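Residue-level structure breakdown
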Amino acid sequence: MKFAPLILKHLRKNWLRTTSTVLAMSVCIFLFCVLQTVIAAVNFGLHAGSTRRLVVRDYVSLANNLPINYKQKIAALPGVTDTTIVSWFGGIYRDPKNFFPNLAVEPEAFLRIYPEIMLPEEQKERWLSDVRGAIVGRKLAQRFGWKIGDTFELESFIPPYRVGKPFDFVIDGIYDTDEAKYPGTDLGAMYFNFKYLYEATGRQVGIGTLTAQIDDPSHAGAMSKEIDQAFENSDNQTKTETEQAFRAGFVALAGNLALLLNGIGMAVAFTILLVTANTMSIAVRERQQEIAVLKTLGFSSGLVMGLILSEALLLGLMGGLLGILIARGIITGLTYVPFLGDVLRGFPNLGLSPEIAALGVGIALLLGLLAGFIPALLAYRARITDALRQV
Amino acid sequence: MSATAVAAKTGAVSVQNVVKIYQRDSQQIKVLDGLTLEVPQGEFMALMGPSGSGKTTLLNLIAGIDRATSGSVHVAGTDLTPLSEGELAKWRSSNVGFIFQFYNLIPVLSAVENVELPLLLSHLSKKERRERALTALRIVGLADRSKHYPRQLSGGQEQRVAIARAIVTDPAVLVADEPTGDLDSKSAEEILDLMQTFNREFGKTIVMVTHDPRAASRAHTQRHLDKGVLTE
């Protein structure tokens, strides 16, 4: 610690160089933290899926509905213990920027199959008996200040669900979850009775997706195949997969994106490493005389090397901490940006985790160490007489 | 036997048959050629000679910042020849004070912090270090400039801070390489006065390289080097 003033004063003297290096480092760490947070959020949703739930959908496209009678046929298959329709409604609340997931389900079966959706008993009873009723997640209720009994309207952008007027709903329940037991549960969604949608559209709509609960997760592959084979010769062939695989399909693009973003992050980190190494080299070269003086005074080569490395590590630490602060601010701030914020809020656990922040600091320190190593080694090897002769 | 006692018996500095050869690309340059020099304890010696005669090289060997190709160098009772780099660094921190021609103060540190630098290698507390540094500055007459940075001091004042830094660890030997070479005559006189004071009142052994006959005249003895050998 007694050498700290020497290190700090050097950094302060070249404040412009120090600031630009710290900023460069912070951009690198900021980028790392944001990318990792997004990737973690996507992966978190992926792992939240249950292995006992199969998702059945149209083979060609999610945009195509399955015939309504498929539900009975699938429910009758051996090994299927329960089913519920889960159809993406695509409803807009007042303005597209107010986006939130809203899905038509069969309430009773839905609550059985999705135990992570937790409702107080009286709210559950109210929802089951109210066709116009809806349940909203705790976070969604907080977002719009909704409470039990409030009404609101949604108008879908999906053509079959557009009936000339908005659908009106009553909030019958505000669901929550046990986050320890069911991590990744989306508390920003809304569910309503499929019957309401079915009747309002003149019984014209089919099934968006159907969730089938099976008795044995180890048979998921065989069951999926069996379901698809059942409709192999029909007009609407099905594609069945586990809920995790279904979600993985959604995030496959994100997976590729993660690869791309990680690549970009690596390139940025490498560039920052070169910039910082160059900065440190210049700093050490400018101080050849000082290094010689320190050694003349009795500072060992190891100590001089340690001082240079400490300086580089301190630059890394400052850059890392600043990068984390910026990342935290940006991640929080983006959720308030119109539309983008709504999309981001769709990720239930979006936020800079302590693990990612710690990793960010670790990378910043590693970058600092790598950047400072060669200059520190040069300082270590510098001969006093050679350096003094250059004065 | 203490280092000072050994030094008093054998001389503060004893250079025996020293050869120093520099390798410059494929050429070998012999800078010191079998040089022998004895500097008694409490001596103030001036080393003179033309450029390239080996004065600074000899000074560097005495200060323990360079190594002889052959021969032996004893300073303050220690044979420097077998010491490792680390041991030499440790030895320098407490046995020798170096005064440079261009002061070589650390620009980002204040006067008192510059003087305190060698003490960072000691086990002294922060308070003790600061007290000793201030005392050294008081001795060179710059107590009122302790918080000034090198850029805020004149050349003469910078050199006085450098001298305070050289004496703060109370070394037995001071080596000075052209200490007045970058100063006006008045400042040079002040610096030489100071060095004489350290020699007379504190018993410091001083070896000073200089081109200036007036500076050399302040020393007890003058030795001349030419082409790596002492000529008188």
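Residue positions are counted from 1 within each chain, in the order its sequence is given. As they are written, the chains are lettered A onward and the ligands numbered 1 onward, keeping that order. Only residues with pLDDT of at least 70 are given local features in this predicted model, and only at 80 or more are side-chain atom pairs given and counted; all residues enter the totals for whole chains, interfaces and linings.

**Re the overall build of chain B**
Numbering of helices and strands runs from the N terminus, with a helix taken as a DSSP run of H or I at least four residues long and a strand as a DSSP run of E at least two residues long. Helix and strand counts for chain B stand at 8 helices and 10 strands. Relative to the globule expectation of 17 Å for 232 residues, the C-alpha radius of gyration of chain B, 17 Å, shows essentially globular dimensions. Looking at chain B as a whole, 52% of its 232 residues qualify as buried. The atom set for the radius of gyration is the C-alpha atoms, and the globule formula is 2.2 Å times the number of residues raised to the power 0.38. Here a residue counts as buried when 20 or more other C-beta atoms sit within 10 Å of its C-beta, as exposed when there are 12 or fewer, and as partly exposed otherwise, the C-beta atoms being derived from the backbone.

**Quick notes on the overall build of chain A**
Summing up its helical and strand segments, chain A has 14 helices and 10 strands in all. Relative to a compact globule of 391 residues, whose C-alpha radius of gyration would be 21 Å, chain A shows 29 Å and is clearly more extended. Summarising its shape, the C-alpha atoms of chain A cover approximately 95 × 45 × 35 Å along the three principal directions. The 391 residues of chain A split such that 39% are buried. Two residues qualify as a contact pair if the distance between their C-beta atoms, derived from the backbone, is within 7 Å. Contacts in chain A between residues at least 24 apart in sequence constitute 83% of all its contacts with a sequence separation of at least 6.

**A short note on the environment of A:Ala364**
Residue and element names in this part refer to chain A. Relative to the helices and strands, alanine 364 resides in helix H13 (residues 354–381). When the C-alpha positions of alanine 364 and leucine 23 are compared, they lie 12 Å apart, and in sequence the two are 341 residues distant. Ignoring sequence-local partners within four residues, the contact set of alanine 364 consists of Met25, Ile29, Gly316, Leu317, Gly319, Gly320 and Gly323.

**Things to note about the sheet that holds strand S8 (residues 205–209) of chain B**
All names here are of chain B. Ordered by their spatial adjacency, 6 strands build an open sheet running S6-S7-S8-S3-S9-S10, and the pairing between neighbours is mixed. Edge strands, defined here as strands with exactly one partner in the open sheet, are strand S6 (96–99) and strand S10 (229–230). For two strands to count as paired, DSSP must find a minimum of two bridges between them. The pairing of strand S9 (residues 221–226) with S10 spans 2 bridges and is antiparallel. Within S10, the residue paired with leucine 225 across the bridge is leucine 230. Helix H6 (residues 155–167) rests against S6 and strand S7 (173–177) of the sheet, and its axis sits at about 165 degrees to S6. To obtain an axis, a line is fitted to C-alpha atoms, over the contacting stretch when the element is a helix, and the angle between two such axes runs from 0 to 180 degrees between their N-to-C directions.

**A closer look at the sheet that holds strand S10 (residues 238–242) of chain A**
Residue and element names in this part refer to chain A. Reading across from one edge, S3-S6-S7-S5-S8-S4-S2-S9-S1-S10 is the order of the 10 strands in this open sheet, with mixed pairing throughout. Two strands in the sheet have a free side with no partner beyond their single neighbour: strand S3 (91–92) and S10. Where strand S6 (residues 151–156) and strand S7 (residues 167–175) come together, 4 bridges link them in antiparallel fashion. By the bridge assignment for S7, threonine 151 is matched with valine 170. Along the sheet face, helix H5 (residues 121–128) touches strand S5 (133–137) and S7 and points at about 155 degrees away from the line of S7. With respect to the sheet, helix H8 (residues 220–230) is in contact with strand S1 (53–58), strand S9 (209–214) and S10, its orientation differing from that of S10 by roughly 170 degrees.

**Digging into unusual backbone geometry**
All names here are of chain A. The backbone of arginine 94 sits at a positive phi, close to 65 degrees, despite the residue not being glycine. Within the secondary structure layout, arginine 94 lies in the loop between S3 and strand S4 (102–105). With 12 C-beta atoms counted inside 10 Å, the residue arginine 94 sits in the exposed group.

**A short note on the packing of helix H11 (residues 301–334) of chain A against H13(A)**
Residue and element names in this part refer to chain A. Two elements in contact, H11 and H13, have axes whose closest approach is 7 Å; the angle formed by their N-to-C orientations is 150 degrees. By the angle between their axes, H11 is roughly antiparallel relative to H13. For the element pair H11 and H13, the recorded crossing hand is right-handed. For this scheme, ten residues count as nonpolar: Ala, Val, Leu, Ile, Met, Phe, Trp, Tyr, Cys and Pro. Four count as charged, namely Asp, Glu, Lys and Arg, and the remainder, Gly too, count as polar. For the contact of H11 with H13, a count of residues per class yields 22 nonpolar, 9 polar and 1 charged. Throughout this description, any angle smaller than 35 degrees is read as roughly parallel, any larger than 145 degrees as roughly antiparallel, any in the 65 to 115 degree range as roughly perpendicular, and the remainder as oblique. Here a crossing is taken to be left-handed if its near helix is turned anticlockwise relative to the far helix by less than a right angle, and right-handed if that turn runs clockwise.

**Here we look at the environment of A:Gln123**
Residues and elements named next belong to chain A. In this structure, glutamine 123 sits in helix H5. Residues glutamine 123 and isoleucine 135 lie 12 residues apart in sequence; the distance between their C-alpha atoms is 8.7 Å. Excluding residues within four positions of it along the chain, glutamine 123 makes contact with Ile148, Asp172 and Gly173.

**Notes on the interface of chain A and chain B**
Counting residues at the interface gives 19 residues for chain A and 21 residues for chain B. When contributions to the side of chain A that touches chain B are tallied by element, the ones reaching two or more residues are helix H1 (4–13), helix H10 (288–297) and helix H14 (384–389) of chain A. It is H10(A) that provides the largest number of residues to the side of chain A that touches chain B, a total of 6 residues. Of the residues contributing to the side of chain A that touches chain B, the split by class is 7 nonpolar, 7 polar and 5 charged.

**A word on the pairing of S9(B)**
In this sheet, S9(B) lies alongside strand S3 (residues 44–48) of chain B in parallel orientation, the contact comprising 4 bridges. Directly across from B:Leu47, in S9(B), lies its bridge partner B:Arg223.

**Quick look at the domain arrangement of chain A**
You can read the domains of chain A as domain 1 (4–46 + 250–389) and domain 2 (60–236). Distance from the C-alpha centre of domain 1 of chain A to the C-alpha centre of domain 2 of chain A: 46 Å. Just so you know, the domain bounds were taken from an automatic or database domain assignment.

**Considerations on the confidence of the model for chain B**
Residues and elements named next belong to chain B. Values of pLDDT, ranging from 0 to 100, describe the predictor's confidence in every residue of the model. Per-residue pLDDT for chain B has a mean of 90; in total, 95% of the residues score no lower than 70. Mean pLDDT across the elements of chain B ranges from a minimum in helix H1 (residues 3–10), with 46, to a maximum in helix H4 (residues 111–116), with 96. Across residues 1–9, confidence stays below pLDDT 50; counting only partners more than four residues off in sequence or on other chains, it has 13 contacts. Complex prediction metrics read pTM 0.71 and ipTM 0.90.

**Digging into the nonpolar core**
Here a nonpolar core is just a set of buried residues of the types Ala, Val, Leu, Ile, Met, Phe, Trp, Tyr and Cys, joined wherever their C-beta atoms sit within 7 Å. If you look at the biggest cluster of nonpolar residues, it comprises 119 residues, and the most contacted ones within it are A:Cys33, B:Leu47, B:Ile62, B:Ala164, B:Val175 and B:Val207. If you look at the next biggest cluster of nonpolar residues, it comprises 47 residues, including A:Leu66, A:Leu111, A:Ile135 and A:Ile171.

**Remarks on the packing of H1(A) against H11(A)**
All names here are of chain A. Two numbers describe how H1 lies on H11: the axes approach to 10 Å, and their chain directions differ by 55 degrees. Between H1 and H11, the angle is such that the two are oblique. For the crossing formed where H1 meets H11, the hand is right-handed. Each of Leu6, Ile7, His10 and Leu11 in H1 lies in contact with H11, whose residues at this interface are Leu307, Ser310, Glu311 and Leu314. Among the residues making up the contact of H1 with H11, the classes are represented as 5 nonpolar, 2 polar and 1 charged.

**A few points about the environment of A:Leu103**
By secondary structure assignment, the location of A:Leu103 is in strand S4. C-alpha separation for the pair A:Leu103 and A:Ser87, spaced 16 residues apart in sequence, amounts to 5.4 Å.

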